[in-house]
Structures are given as structure tokens and as C-alpha cells.
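# Report on the structure
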Amino acid sequence: MLRLTQSALAALIDHTLLKPDAKQEEIEKLCLEAAQFNFASVCVEPYRVAQAAQHLKDTPVKVGTVIGFPLGANRMEIKTLETVRALADGAHEIDVVINIGAARDGNWRLIADELTNVRKAARDRVMKVILETCFLTRQEIIEGCKICEDAGADFVKTSTGFGPDGATTEWVSLMRKSVSERIGVKASGGVRDLATLMKMVDAGATRIGTSSGVHIMNQAVQEGLHR
């Protein structure tokens, strides 16, 4: 198992709050925590991007948001418009859900076109693509990863956290093997402690989406990880 420093651990984490009932003060707290621990980013609902960007404007923490979330079934033009608006509100990173039904149909052309358009709309910002692996077969995950890379994704991501299952080491490992070294792999959904996070990293994850970032960092301190 890899041994990370506290700073390297924090740099893996997208500090996430996507609860539909999250209040303004909870977003502010999320941003304060992200700045305190120097997490890679916060990930918030599109409605909260401008608020998070304002709170984090003088910090290195990036603002991320979700597109087509959580079902992925929005029309391509809606996902594209969501992306444009997210960037205008201050987003540095976007996590876009593929059209899961189209993937199950084998309609990879639709998904490729969708992601290509979102990529153009995102310009030079980081684009992560959520496959929602719990709904896909092994072969569909492999094919989906290839489509994501060809469309210019920066990361492939396991899950929304709203499906019936989240990240597993099996799917993270498969995704890592299905893309080149240019592409990162984000494990998200069910990563609530340091031990689980480290298993995901060992399997090939290079970013972690979690709402338990503070708890994980506190565990790291207790276990004596160096700064």
C-alpha cells in the first residue's frame, strides 16, 4: 500500500456537498474546510458555484460542479448550456454524467457527440466524466472509458454517489487499465475513511470524491502521516 503525506492526501480530494437540501451556510463551511486542508477542489451543485467561487477566490482550491446530474439523461444541448453557465459562474472543473441509457443501448455515437460538445464548451477547464459503473457491464465500462478519452476527458469517474452502488476497487482498476496515462481516474461514492481511500489509490485512483474529507484528514493525523 502506498504511503502518502498529509499534503499529498489532501491534493487527491474533491471535497463534495451535493445534497439537494444543502444550505448556504453548509456551502460556506465546505469552502472553509477545503481552504484549511488545501483540498484539490470543492464539488457543489451548479446553483452554488458562484457562492463557492466567491468564498475560494483567494485560495488555490478549485471550484467544481456537476453537469447532467445525477441521471445523465439531459439532452446534449442542455448539458452544453449547463457547462457554459458553470464556467461563467466561476467553475474550474466539471463532472459530467454520461447518458447511461444510451450506453446500455450501445449508442456510443450519441455519447461521443455529447462529450465532444461539452468538451468544447468547457474549453481548457478540467472535464471529468461519470460512467455510473454500477449500471454498466465490464465491457461497457471499457468502451465508455475509450469514448471519454477520445472526447478529451481529463478524468473518468466511477459514480455520482446517488446510484445503488459507489466506487469499488474492481471498477477503479478496470478504468485505470482502459485509459492511457494521460487520463486520471476519480473514485467517488462510498469513500468515507482513510483505509478505503488508500485502497482506491492502490487500485489506480488519482482523485477522490468524498463528503468525508475532513474525517479522512483527521484519521491521517491520528495515524501519523507526515505533512
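Everything that follows concerns the structure shown earlier in this document.
Below, the structure is looked at part by part. (Residues numbered from 1 in each chain as written. Predicted model: local features only at pLDDT ≥ 70, side-chain atom pairs only at ≥ 80, totals over all residues. Heavy atoms only, no water.)

### With respect to helix α4 (residues 76–89)
Look at α4: 20 Å from first C-alpha to last across 14 residues, which is about the 20 Å you get at 1.5 Å a residue. Within α4 the residues assigned to the buried category are Lys79, Thr80, Thr83, Ala86 and Leu87. For α4, the angular spread of the buried residues around the axis is 125°, confining them to a single face. Seen from the open side of α4, the exposed residues pointing more than 90 degrees away from its buried face are Glu77, Leu81, Arg85 and Ala88. Turning to α4, the residues buried within the fold contact α3 (49–55), β3 (62–67), β4 (93–97) and α6 (108–122). Backbone geometry just after α4 places Gly90 at a positive phi near 115°. (Helix = DSSP H or I, 4+ residues; strand = E, 2+ residues; numbered from the N terminus. Expected span 1.5 Å × (residues − 1). Buried < 20%, exposed > 50% of the residue type's maximum accessible area, 1.4 Å probe, protein only. Arc of directions from axis to C-beta. Contact = heavy atoms within 4.5 Å.)

### Section: the pattern of salt bridges
Enumeration according to the criterion identifies 16 salt bridges in this entry. Residue Lys19 pairs with Glu26 through a salt bridge whose shortest N-O separation is 3.4 Å. Across the pair Asp124 and Arg125 runs a salt bridge, and its minimum N-O distance is 3.5 Å. (Salt bridge = Lys/Arg side-chain N within 4 Å of Asp/Glu carboxyl O.)

### Considering unusual backbone geometry
With an omega of 0°, the peptide bond between Phe69 and Pro70 qualifies as cis. Within the secondary structure, Pro70 sits in the loop between β3 and α4. A positive phi angle, near 60°, is found at Asn38, a position not held by glycine. Inspection of the secondary structure puts Asn38 in the loop between α2 (24–37) and β2 (41–44). Judged by relative accessible area, Asn38 falls into the partly exposed class, the value being 43%. Non-glycine residue Glu132 carries a positive phi angle of around 55°. Along the chain, Glu132 turns up in the loop between β5 (126–130) and α7 (138–150). Classification of Glu132 as buried rests on a relative accessible area of 2%.

### Concerning the packing of aromatic side chains
Across all of its chains, the model carries two aromatic pairs by this definition. An angle of 85° between the planes, with centres 5.2 Å apart, marks the rings of Phe69 and Phe162 as edge-to-face. Of this pair, Phe69 sits in the loop between β3 and α4 while Phe162 sits in the loop between β6 (155–157) and α8 (169–178), placing them 93 residues apart in sequence. By relative accessible area, which is 22% here, Phe69 ends up partly exposed. A residue is classified by how much of its surface remains accessible, and Phe162, at 45% relative accessible area, is partly exposed. (Phe/Tyr/Trp six-rings, centres within 6.5 Å; stacked < 30°, edge-to-face > 60°.)

### Re the environment of Arg75
In this structure, Arg75 sits in the loop between β3 and α4. The exposure class of Arg75 is exposed, given its relative accessible area of 62%. Arg75 sits 74 residues away from Glu149 along the chain, and the two C-alpha atoms are 21 Å apart.

### Some words on the pairing of β4
For β4, the buried fraction is high: five of the five residues fall into the buried class. The alternating pattern of β4 places Glu93, Asp95 and Val97 and Ile94 and Val96 on opposite faces, both of which are buried. In terms of handedness, the path from β3 via α4 over to β4 forms a crossover that is right-handed. For β4 and β5, the ladder comprises five bridges, and the chain directions are parallel. If you follow Val96 over to β5, its bridge partner there is Val129. (Right-handed = clockwise from strand over helix to strand, strands pointing away. Pairing = 2+ DSSP bridges.)

### Considerations on the pairing of strand β8 (residues 207–210)
The side chains of a regular strand alternate, residue by residue, between the two faces of the sheet. Neither face of β8 is exposed, since Arg207 and Gly209 on one face and Ile208 and Thr210 on the opposite face are all buried. When strand β1 (residues 13–17) meets β8, the two strands line up parallel, connected through three bridges. Among the inter-strand pairings, Ile13 is bridged to a residue of β8, identified as Ile208. Strand direction decides the pairing type here: strand β7 (residues 184–188) and β8, joined by three bridges, are parallel. When the bridges of β8 are listed, Ser188 appears paired with Gly209. Crossover β7 to β8 through helix α9 (residues 194–203) is right-handed.

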